Amino acid sequence: VDWLNLELLKMMKEAGCYLIFCGVETGNEKIRNRVLKKALSDENLLNGFRMIRAAGIQSIASVMIGHPTETLEDIRNTIKFTFELDPDYADFTLTTIIPGTAIFDLALKERKITKDEWIDISKNKKLHSRNRVNKQGDYCGFSSKISRSK
């Protein structure tokens, strides 16, 4: 969303674009910028989602939960921030820690996983689930349209 502008979005709408998938990743700027190297401020994201709405295009906020350094409070703040963005849809998924990535190395360093973690997952010894949360922060499924009560 950092490169979007209203003129471009309006041209996209005229060309038939009706939905934009945005990788918000997390509501924690420190994790988004230092760990994930996204270089996106909360304000960039808020402005981007406002412009997408103003252009008449729907949006999906894609959010990962479970970064190696993330706390329960960070997760709550991520959920809250996602609803502040006011997307049409929100997709909350668990962070996938893949060998060879910076997140994998960080998870090893933080002792959140072992070197054999991926082997266990690939052999279905450990299962990952995908969840969605409602505006109260309760886990309740996967992703869906967000209802706006204004």
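Residues numbered from 1 in each chain as written. Predicted model: local features only at pLDDT ≥ 70, side-chain atom pairs only at ≥ 80, totals over all residues. Heavy atoms only, no water.

Quick look at the overall build of the chain
Regarding its fold elements, the chain presents six helices and six strands. Ordered by position from N to C terminus, the α and β elements of the chain give α-β-α-α-β-α-β-α-α-β-β-β. Within the chain, contacts between residues at least 6 apart in sequence are counted, and of these 67% link residues at least 24 apart. Here the chain displays about 9,000 Å² of accessible surface, and carbon together with sulfur accounts for 51% of that area. (Helix = DSSP H or I, 4+ residues; strand = E, 2+ residues; numbered from the N terminus. Contact = heavy atoms within 4.5 Å. Areas by Shrake-Rupley, 256 points an atom, 1.4 Å probe, with all protein chains shown as cover.)

So, the nonpolar core
One recurring pattern in soluble globular proteins is that nonpolar side chains are buried together. Core analysis: the largest hydrophobic core is formed by 23 residues, its most contacted members being L9, I20, V24, I52, I57 and L85. Mapped onto this core, the elements with two or more residues apiece are β1 (19-25), α3 (42-54), β2 (58-65), α4 (72-85) and β3 (89-94). Looking at this core, the element that brings in the most residues is α4, giving five residues. When residues no more than four places from it in sequence are discounted, the contact partners of L85 are V24, L45, L46, F49 and R53. (Core = buried A, V, L, I, M, F, W, Y, C linked by side-chain atoms within 4.5 Å. Buried < 20%, exposed > 50% of the residue type's maximum accessible area, 1.4 Å probe, protein only.)

Brief notes about the environment of R111
Within the fold, R111 resides in the loop between α5 (102-109) and α6 (117-122). The spatial distance from the C-alpha of R111 to the C-alpha of P68 is 8.7 Å, given a sequence separation of 43 residues.

Here's the deal with the confidence of the model for the chain
Here the chain averages 81 in pLDDT, and 78% of its residues register 70 or above. Scored below 50 in pLDDT, residues 127-145 shows 42 contacts in the model against residues more than four places distant or in partner chains. (pLDDT = per-residue confidence, 0-100.)

Notes on α4
If you check α4, its first and last C-alpha atoms are 20 Å apart, about what 14 residues at 1.5 Å a residue would give, namely 20 Å. All buried positions along α4 are accounted for by D74, I75, T78, I79, F81, T82, F83 and L85. Once α4 ends, the next one or two residues include D86, with phi positive near 60 degrees. (Expected span 1.5 Å × (residues − 1).)

Remarks on the pattern of salt bridges
Counted under the stated rule, the structure contains five salt bridges. We note a salt bridge from E43 to R50, for which the minimum N-O separation is 3.6 Å. Judged by its relative accessible area of 43%, E43 falls in the partly exposed class. A residue is classified by how much of its surface remains accessible, and R50, at 40% relative accessible area, is partly exposed. Of the charged contacts, one joins R53 and D86 as a salt bridge, the two residues approaching to 3.9 Å between their closest N and O atoms. (Salt bridge = Lys/Arg side-chain N within 4 Å of Asp/Glu carboxyl O.)

Notes on unusual backbone geometry
Negative phi values dominate among residues other than glycine, just as trans dominates among peptide bonds. Notably, K37 is not glycine yet its phi reads approximately 60 degrees, a positive angle. Tracing the chain through its elements places K37 in the loop between α2 (29-35) and α3. Positive phi is not limited to glycine here, since A39 has a value of about 55 degrees. Note on placement: A39 falls in the loop between α2 and α3. In this structure A39 comes out as exposed when scored by relative accessible area, which is 61%.

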